[in-house]
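Report on the structure
Here is how the chains run, residue by residue.
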Amino acid sequence: MKAPAVKMEVTCLLLLALIPFHCRGQGVYAPAQAQIVHAGQACVVKEDNISERVYTIREGDTLMLQCLVTGHPRPQVRWTKTAGSASDKFQETSVFNETLRIERVARTQGGRYYCKAENGVGVPAIKSIRVDVQYLDEPVLTVHQTVSDVRGNFYQEKTVFLRCTVNSNPPARFIWKRGSDTLSHSQDNGVDIYEPLYTQGETKVLKLKNLRPQDYASYTCQVSVRNVCGIPDKAITFRLTNTTAPPALKLSVNETLVVNPGDNVTVQCLLTGGDPLPQLQWSHGPGPLPLGALAQGGTLSIPSVQARDSGYYNCTATNNVGNPAKKTVNLLVRSMKNATFQITPDVIKESENIQLGQDLKLSCHVDAVPQEKVTYQWFKNGKPARMSKRLLVTRNDPELPAVTSSLELIDLHFSDYGTYLCVASFPGAPVSDLSVEVNISSETVPPTISVPKGRAVVTVREGSPAELQCEVRGKPRPPVLWSRVDKEAALLPSGLALEETQDGKLRLERVTRDMSGTYRCQTARYNGFNVRPREAQVQLNVQFPPEVEPESQDVRQALGRPVLLRCSLLRGNPQRIATAVWRFKGQLLPPPPVVPAATEAADHADLRLDAVTRDSSGSYECSVSNDVGSAACLFQVSAKAYSPEFYFDTPNPTRSHKLSKNYSYVLQWTQREPDAVDPVLNYRLSVRQLNQHNAMVKAIPVRRVEKGQLLEYLLTDLRVPHSYEIRLTPYTTFGAGDMASRIIHYTEPINSPNLSDNTCHFEDEQICGYTQDLTDNFDWTRQNALTQNPKRSPNTGPPTDISGTPEGYYMFIETSRPRELGDRARLVSPLYNASAKFYCVSFFYHMYGKHIGSLNLLVRSRNKGTLDTHAWSLSGNKGNVWQQAHVPINPSGPFQIIFEGVRGSGYLGDIAIDDVTLKKGECPRKQMDPNKVVVMPGSGAPRQSSLQLWGPMAIFLLALER
């Protein structure tokens, strides 16, 4: 019976509670170790899912990877990813969490994922797993036809190629059908099926050679990834007829269409051929169709067209036969802007000034659409300029922009001085003329540029506006072009490489430190003399407040020991400390004594505390200024202890007893930097059940704690299956230190491959590592009396688990609809390494109901292949009681145990199991009477009083003291 074992375990737990604290002298700091496991919706999983390195998942499902870590202190986990190809860039996911979860995973998210775990001890642990995302797109079928002359034009041979393309992972399998018949080389000499070169399994071609009458039919391309990840096959069908033809188009307008702004433009794209009926689509380049444009079938309408609507409009017709047909309209909306002029002195004589007796050229240009349709007219002093031997008008000067008009004055005379006007126009179009005026006289001189006195260096504070200025003299005065000098390919704050200003001033709003540097100003070669640009430079100096380190620092020291606080200047402009002010708890401190050797070093400020005391503990602030702004270093000085470091690698920390519904937990920790402050005297432990307000508080005395020393305390009387918040605070002569907290959960141990003698009570969702078989008809269900369906079938199934408490969980099979006679549910254990000749499987079962089927225990051997062997079986109604079975097994190699529930003839056939134990050695010789009822706690059965245990325990404690 189970009761004596229960009493003995309770005795041990009480004994441990009396001796709760233990120290281990060896250091337990250990480098991080990591292991990747997966969960979620993987569709191809190896049997050993712990060591599997490839995770196959269907596109759109949820990807979930977990990085299991060990090491002390607790390692921090970071996930990164590389793409599927070595040529792709490394992608930082920056996920700092042990679990990586991606909803609706996409194909581009496949690749190798890395889990990096580090805790500052040794080198980081890096593990990886490749994620393979499976998908199958809709196939695309295109048809191509060729006609060739055979035997000297005696007759023509027509060949048709049906090309089927699909994107998939893994590569798809192609099946071609004519009607409902599958095609192959061997069955029809008139067909050929092949894969083109360099298509990587994405394309299959069906070639119909020397087309015959029976070849005019419906053809289907079916693609399949063999139902991997449950992805269904897809197909596309095309009907080939004797009229099948590629699309053909024509336009209702010329390929170049010139219109006026404000016109309503309509362009028709007309089909002249194609079977099946092609689909028409309009597009615009660059960018989308204009706002308000309407593309309906083959007609494109643009109301009230504007200059910005100019561009290429493409009409494309597709019917998957041959190549798409495409026609393009170049829409030009008449417009003119940016009228400029240039004065070019005698080029042959390399002159930069206007001189009588030398040649002079005046040029005029506008940016227009269409550029070649612009006409220019020159006027002198308000009258049309007359052509002569000394006055020539030319167009398209190779040294100037295209479609530029030039007025050349040969052998300049005094009478040539005057005002020249250039007028650009579109004849007969409702586009306004543009004009530019040039005055030629003895006062017309080339420009000079300079920086005003005192403006060569402009100093401003960060965030303020700034104005850089260059002065231009000359007649006429050209625009000024600004650019950066000292940074290669650097852009101006406006985002432009070159910025034009008419008054020579570059205005900057809210300058930043990145804008510091040298700026160049130079004269433009338009709207002035076409000569070598004149240039000057201006230096912009942006001042900004200091940046210091540390911004915040926690300083710990034992009572009575000295401390040096240092606030260092990292950067700033000016790069010096003008003033440094220290405060303690907000109160101003007297300036520290100046060290003569440090007067030259103005990059830090120091404060020395001769001894740390309770009165000197607190917050110190050093405010540093560089006359532009200030920054502060914050120091928190104290003698309090650092927080404990919980140890998360305790093997099987949970100890439970099903009948008492209590469990104990081995809490372990180390003390962070114990020698940094005074010795820890004791710990304050607080234990609070989640969702409860009250907490149990206890003091744990300790002796001197060494760095790396593992401390532990046994928490008892914790209620199954509740979780608890644990708070642990160290105390020194200074007082309370930093508190550490963690949540502990009730978990049942997952049996390791080397087999630990643990009983599985199914009290947590992990169900001790058991998994549902993927090849059975339905699944086992975990439930307790509180989660039972209130409408469940009566007269079958257990009311509670083996403990008789409503919170206790068990596993059962639900045999109501849609279950049918003979349906099987299998629950599979973890994989165990066989290290003994004999094992005993013990478990409780509940088989109550008039339609009870069978409960089978199978052993799955993994020695050579996979072999399932029946070890135990029971059928029929056994009453509304829990009963125990002991089943001996002798596996020859690695093995798993399987509980198989088989549905009987009706719905009153629920079967349940609980408290499964697998132990080395033979089973008890005296088997439990299968009809004997297991006595539940609280049923009135005799039980040894806990008071009777104090005598033996007191004797044991006295012996320990002696």
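Note that the structure is a prediction, hence the values are computed from the model and not measured.

Thoughts on the overall build of the chain
Counting its regular elements, the chain contains 2 helices and 71 strands. Per-residue burial over the chain gives 43% buried out of 962 residues. Summed over all atoms, the accessible surface of the chain reaches about 50,400 Å², with 50% contributed by carbon and sulfur.

Quick look at the confidence of the model for the chain
Per-residue confidence for the chain gives a mean pLDDT of 86, with 86% of residues at or over 70. Throughout residues 1-26 the model reports pLDDT below 50, and contacts reaching past four residues in sequence, or to other chains, amount to 49 contacts. Contacts from residues 84-94, a stretch scored under 50 in pLDDT, to residues over four places away or in other chains number 17 contacts.

Here's the deal with the pairing of strand β36 (residues 457-461)
The side-chain alternation of β36 yields one buried face, formed by Val458 and Val460, and one unburied face, formed by Val457, Thr459 and Arg461. When β36 meets strand β44 (residues 535-549), the two strands line up parallel, connected through 5 bridges. Bridging across to β44, Arg461 finds its partner in Gln543.

Topic: the environment of Gly708
Among the secondary structure elements, Gly708 is positioned in the loop between β56 (696-701) and β57 (709-719). Separated by 39 residues in sequence, Gly708 and Trp669 have C-alpha atoms that sit 9.2 Å apart.

With respect to the sheet that holds strand β19 (residues 245-251)
Taken together, the 4 strands give an open sheet; going across it, the order is β19-β21-β24-β23, and neighbouring strands pair in antiparallel fashion. Edge strands, defined here as strands with exactly one partner in the open sheet, are β19 and β23 (294-296). Across this sheet, the average inter-strand angle for adjacent strands is 15°, counted without regard to direction. Of the strand pairs in this sheet, β19 and strand β21 (residues 265-275) are connected by 5 bridges, and their pairing is antiparallel. When the bridges of β21 are listed, Leu251 appears paired with Cys269.

Considerations on the environment of Leu559
On the secondary structure map, Leu559 appears in the loop between β45 (552-556) and β46 (563-573). Judged by its relative accessible area of 27%, Leu559 falls in the partly exposed class. Once the C-alpha coordinates of Leu559 and Asp678 are considered, the two residues, 119 residues apart in sequence, prove to be 7.0 Å apart. Among all residues touching Leu559, those that are not within four sequence positions of it are Val612, Thr613, Arg614, Ala639, Asp678, Thr733 and Phe734.

Examining the packing of aromatic side chains
Following the criterion strictly, the structure yields 15 aromatic pairs and no others. With 5.0 Å between their ring centres and 80° between their planes, Phe843 and Phe899 make a pair best called edge-to-face. Separated by 56 residues along the polypeptide, Phe843 in strand β66 (residues 839-847) and Phe899 in strand β70 (residues 895-902) bring together distant segments of the chain. Residue Phe843 is classed as buried on the basis of its relative accessible area, which comes to 0%. Given a relative accessible area of 1%, Phe899 falls into the buried group. Aromatic ring contacts, followed pair by pair, group Phe843, Tyr845, Trp872 and Phe899 into a single cluster. Positioned above the aromatic ring of Phe648, the side-chain terminus of Arg74 is 4.5 Å from the ring centre. Just above the ring of Tyr642 sits the side chain of Arg556; from NZ or CZ to the centre is 4.4 Å.

Thoughts on the pairing of strand β29 (residues 375-380)
Pairing analysis gives 6 bridges linking β29 to strand β33 (residues 418-425), with the strands arranged antiparallel. Residue pairing in the sheet places Trp378 in a bridge with Cys422 of β33. Alignment of β29 against strand β30 (residues 383-384), held across 2 bridges, turns out to be antiparallel. Among the inter-strand pairings, Phe379 is bridged to a residue of β30, identified as Pro384. The hairpin formed by β29 and β30 contains 2 residues between the paired strands, and Asn381 there has a positive phi angle of roughly 50°.

Quick notes on the state of the cysteines
Per the counting criterion, the structure on display carries 8 disulfides. There is a disulfide in this structure between Cys364 and Cys422, and the S-S distance comes to 2.1 Å. Handedness of the Cys364-Cys422 disulfide follows from its S-S torsion of about -85°: it is left-handed. Taken together, the residues span a long stretch of sequence, with Cys364 in strand β28 (residues 360-369) and Cys422 in strand β33 at a distance of 58 residues. Take Cys364 and Cys422: they sit in the same class, and that class is buried. The side chain of Cys567 participates in a disulfide bridge whose partner is Cys633; the two sulfur atoms lie 2.0 Å from each other. Handedness of the Cys567-Cys633 disulfide follows from its S-S torsion of about 70°: it is right-handed. With a gap of 66 residues between them, Cys567 in strand β46 and Cys633 in strand β51 (residues 630-638) connect regions that are remote in the sequence. No disulfide involves Cys622; its sulfur sits 4.1 Å from the nearest other cysteine sulfur, which is in Cys567. The class of Cys622 is buried, set by a relative accessible area of 0%.

What about the pattern of salt bridges?
Enumeration according to the criterion identifies 38 salt bridges in this entry. Between Arg520 and Glu535 there is a salt bridge whose closest N-O contact spans 3.6 Å. One end of the pair, Arg520, is in strand β42 (residues 517-523); the other, Glu535, is in strand β44, and 15 residues separate them in sequence. Judged by its relative accessible area of 23%, Arg520 falls in the partly exposed class. Taking relative accessible area as the criterion, Glu535 reaches 45% and is therefore assigned partly exposed. Beyond isolated ion pairs, a larger network of salt bridges with shared partners links Asp773, Arg824, Arg826, Arg860, Asp868 and Glu900.

Thoughts on the side chain of Glu900
Along the chain, Glu900 falls in strand β70. A polar contact is formed between the side chain of Glu900 and the side chain of Arg824, at a distance of 3.0 Å. Ignoring any residue separated from it by four or fewer positions in sequence, one finds Glu900 in contact with Trp780, Arg824, Ala825, Arg826, Ser854, Leu855, Asn856, Leu858 and His870.

Quick word on the nonpolar core
Counting 32 residues, the largest nonpolar core has Phe843 and Phe899 as its most contacted members. Sorting the residues of this core by element identifies β64 (810-813), β65 (824-828), β66, β67 (854-861), β69 (883-889), β70 and β71 (911-920) as the ones contributing at least two each. When residues of this core are assigned to their parent elements, the largest contribution, 5 residues, is made by β66. Ignoring sequence-local partners within four residues, the contact set of Phe843 consists of Leu855, Leu857, Trp872, Gln883, Gln884, Ala885, Val887, Phe899, Asp914, Asp915 and Val916.

Some details on the side chain of His284
Note on placement: His284 falls in strand β22 (residues 279-285). When sequence neighbours within four positions are dropped, the list of residues in contact with His284 reads Leu289, Pro290, Asp309, Ser310, Gly311, Tyr312 and Tyr313.

The rules behind the values
- In this convention, every chain numbers its residues from 1, walking through the sequence in written order.
- Totals for whole chains, interfaces and linings use every residue, but because this is a predicted model, local features are given only for residues with pLDDT of at least 70 and side-chain atom pairs only at 80 or more, for both listing and counting.
- Side-chain measures were taken over the full set of non-hydrogen atoms in the model, leaving aside hydrogen atoms and water.
- Secondary structure elements follow DSSP: runs of H or I no shorter than four residues count as helices, runs of E no shorter than two count as strands, and numbering proceeds from the N terminus.
- Relative accessibility decides the category of a residue: with a 1.4 Å probe and only protein chains considered, values under 20% of the type maximum give buried, values over 50% give exposed, and everything between is partly exposed.
- Areas reported as accessible are Shrake-Rupley estimates using a 1.4 Å probe. Residue values count occlusion only from the protein chains shown.
- Every residue is assigned a pLDDT by the predictor, reflecting its confidence on a scale from 0 to 100.
- Contacts are residue-level and defined by heavy atoms, with any inter-residue pair within 4.5 Å sufficient.
- Only when DSSP finds a minimum of two bridges between them are two strands counted as paired.
- Every axis corresponds to a line fitted to the C-alpha atoms, with the helix fit spanning only the stretch in contact, and the corresponding angles, defined between N-to-C directions, vary from 0 to 180 degrees.
- Each Phe, Tyr or Trp ring, with Trp reduced to its six-membered ring, pairs with another whose centre is within 6.5 Å; inter-plane angles below 30 degrees give stacked pairs, above 60 give edge-to-face pairs, and intermediate values give tilted ones.
- Consider the ring centre and the ring normal. A charge sits over the ring if Lys NZ or Arg CZ is within 6 Å of that centre and within 35 degrees of that normal.
- By definition, disulfides here are pairs of cysteine sulfur atoms that lie within 2.5 Å.
- Take a side-chain nitrogen of Lys or Arg and a carboxyl oxygen of Asp or Glu: if they are within 4 Å of each other, that pair is a salt bridge.
- Distance and chemistry together define a polar contact, namely a pair of N or O atoms within 3.5 Å, with one atom able to donate a hydrogen and the other to accept it when in protein, and with adjacent residues in sequence counting only for side-chain atoms on both sides.
- Here, nonpolar core refers to any group of buried Ala, Val, Leu, Ile, Met, Phe, Trp, Tyr and Cys residues whose side-chain atoms link them within 4.5 Å.

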